[in-house]
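# Structure assessment
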Amino acid sequence: SLPNTNNMKTYLSLLTLPPLVSGTVQQCNGLDPQPGVASFLGAKLDYDFADYICCHNHIWAEDRGYLAFPEVDLFNRLDPEAETIWYDSVCGIPLFISPRGRSFDDFKTESLYHGWPSFRPEEIVSENVIIHDDGRMESRCRTHLGHNIPKDGIDRYCIDLLCIAGAPLAPDDERMRGVVERGGDAAGEVDFGNITTFDKLNVSTYVSSAKQYSGKHTGLDPDVIIFNSVVVISLMVILAVLVFFRKVRKRKNEEQIKPLDA
């Protein structure tokens, strides 16, 4: 069965992990996810976990298969006959429009297979998303989104549902005002003037400018990572069992020898 997010949260707390972020720019611009994230599309999402994954982390992801958990059941909540616009969970800017260039079933199948919502270049609102050289992806509001993991020579954006479960916000909304008005972030790295807010997005005419293959990725396939992890854990279990039986056999031999020495 699929793991539960509560188990992951417990695991993280046991390790007492600090916020896994880098750089001088404050992630999510110092804001928290929108309250509505917890009830996105009528689902029950873990708000505290969303806050950690999206705003205090650049490495961890929600559990694989989270989108199919009973309390989430994402694809049964989407309209298979229409495109869905996915908004930043913190600042509400549009990030993806799906499905585009493929069927709903193709979008669903790929996402369920990999365990996270998986988008393609035609589906990204390219001016609102940053793809770093190592494949890490974040929104122009500095919300962590996931990673670019190309498949068959084409970029595939493996995204955390928790971070794209927001609602559109007007440019004069308090969450948006600071982002839209300034010309760059604290380090002067990003031009925020070109952000496409929901009121500027014309879905019927919008065409993403993303390249089919950006060359920006980790080079690591999560399926390979999981397989290797399973192999390592299996070997450790086998080794532990062998050590256990060796100790048991040694103890029995010692007990058999004692009467001879008496």
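Residues numbered from 1 in each chain as written. Predicted model: local features only at pLDDT ≥ 70, side-chain atom pairs only at ≥ 80, totals over all residues. Heavy atoms only, no water.

### Focus on a nonpolar patch on the surface
Condition: Residues qualify for a patch when their relative accessible area is over 30% and they have no salt bridge, like charges being joined within 9 Å and the nonpolar side chains of Val, Leu, Ile, Met, Phe, Trp and Tyr within 5 Å. Working definition of accessibility: Shrake-Rupley area with a 1.4 Å probe, residue cover restricted to the visible protein chains. Here a salt bridge means any side-chain nitrogen of Lys or Arg lying within 4 Å of a carboxyl oxygen belonging to Asp or Glu. Strands are runs of DSSP state E lasting at least two residues, helices are runs of H or I lasting at least four, and both sets are numbered from the N terminus onward.
Taken together, Ile233, Val237, Val241, Phe244 and Phe245 make up a surface patch of nonpolar side chains, about 490 Å² in accessible area. Here Phe244 shows up in helix α5 (residues 222–261).

### Looking at unusual backbone geometry
Operational definition: The rule is simple: take the accessible area with a 1.4 Å probe, protein chains only, and divide by the maximum for that residue type; under 20% is buried, over 50% is exposed, in between is partly exposed.
Each neighbour pair has its own omega, and for Ser98 with Pro99 the value is -5 degrees, a cis peptide bond. Relative to the helices and strands, Pro99 resides in the loop between β2 (94–98) and α3 (104–114). Non-glycine residue Cys28 carries a positive phi angle of around 60 degrees. By the secondary structure assignment, Cys28 is in the loop between α1 (5–14) and α2 (47–55). For Cys28, a relative accessible area of 1% puts it in the buried group.

### Description of the sheet that holds strand β4 (residues 129–131)
Keep this limit in mind: By definition, two strands form a pair when at least two bridges between them are found by DSSP.
What the five strands build is an open sheet, ordered β3-β7-β6-β5-β4; its pairing is antiparallel. Unpaired on one side and paired on the other, β3 (118–119) and β4 mark the two borders of the sheet. Pairing analysis gives three bridges linking strand β5 (residues 136–139) to strand β6 (residues 144–148), with the strands arranged antiparallel. If you follow Glu138 over to β6, its bridge partner there is His144.

### So, the packing of aromatic side chains
In plain terms, the rule: Two aromatic rings, drawn from Phe, Tyr or Trp (for Trp, its six-membered ring), form a pair once their centres lie within 6.5 Å of each other, and the interplanar angle then sorts them: stacked below 30 degrees, edge-to-face above 60, tilted otherwise.
One pass over the full model with this rule turns up ten aromatic pairs. Measuring from ring centre to ring centre gives 5.3 Å for Tyr66 and Phe69, while their planes differ by 65 degrees; the resulting arrangement is edge-to-face. Note on Tyr66: relative accessible area 1%, which makes it buried. Both rings, one in Trp86 and one in Phe119, keep their centres 5.8 Å apart while their planes meet at 70 degrees; by these two values the pair is edge-to-face. Of this pair, Trp86 sits in strand β1 (residues 84–87) while Phe119 sits in strand β3; the two residues are 33 residues apart in sequence, bridging distant segments of the chain. Ring pairs connect the aromatic residues Phe40, Phe75, Trp86, Phe96, Phe104, Phe107, Phe119 and Tyr157, which therefore count as one cluster.

### Describing α2
Heads up, the condition is: N or O atoms closer than or at 3.5 Å make up a polar contact, with two conditions inside protein: a donor-capable atom paired with an acceptor-capable one, and, for residues adjacent in sequence, both atoms drawn from side chains.
Among the nine residues that make up α2, seven are buried, leaving the element largely enclosed by the rest of the structure. Every buried residue belonging to α2 is among Phe49, Ala50, Asp51, Tyr52, Ile53, Cys54 and Cys55, and all of these are buried. For α2, the N-terminal capping position is held by Asp46, with its side-chain oxygen 3.3 Å away from the main-chain nitrogen of Asp48.

### Considering the environment of Met176
Basically, it comes down to this: Contact criterion: two residues are considered in contact whenever any of their non-hydrogen atoms come within 4.5 Å of each other.
For Met176, the position within the fold is in helix α4 (residues 174–181). Of the residues examined, Met176 reaches a relative accessible area of 1% and is grouped as buried. Met176 has contacts with Cys91, Ile93, Leu169, Ala170, Pro171 and Thr197, leaving out every residue within four places of it along the chain.

### Some remarks on the pairing of β1
Relative to β2, β1 is paired through four bridges, and the arrangement is antiparallel. From the neighbouring strand, Tyr87 faces β2, where its bridge partner is Pro94. Hairpin connection, β1 to β2: the antiparallel pair is bridged by six residues, and Gly92 has positive phi, about 80 degrees.

### Re the side chain of Asn148
Looking at the element boundaries, Asn148 is found in strand β6. One polar contact links Asn148 to Ser214, side chain to side chain, over a distance of 3.5 Å. If sequence neighbours within four positions are ignored, Asn148 has contacts with Ile131, Gly135, Met137, Asp155, Arg156, Tyr157, Ser214, Lys216, His217 and Thr218.

### Some details on the pairing of β6
Of all five residues that make up β6, four are buried, and the element is covered over most of its length. The antiparallel hairpin formed by β5 and β6 contains four residues in its connecting segment, where Arg142 sits at a positive phi of about 70 degrees. Inspection of the sheet shows β6 paired to strand β7 (residues 157–159) by three bridges, in the antiparallel sense. Bridge pairing in β7 places His147 opposite Cys158.

The quantities given are spatial measurements derived from coordinates; they are silent on function.
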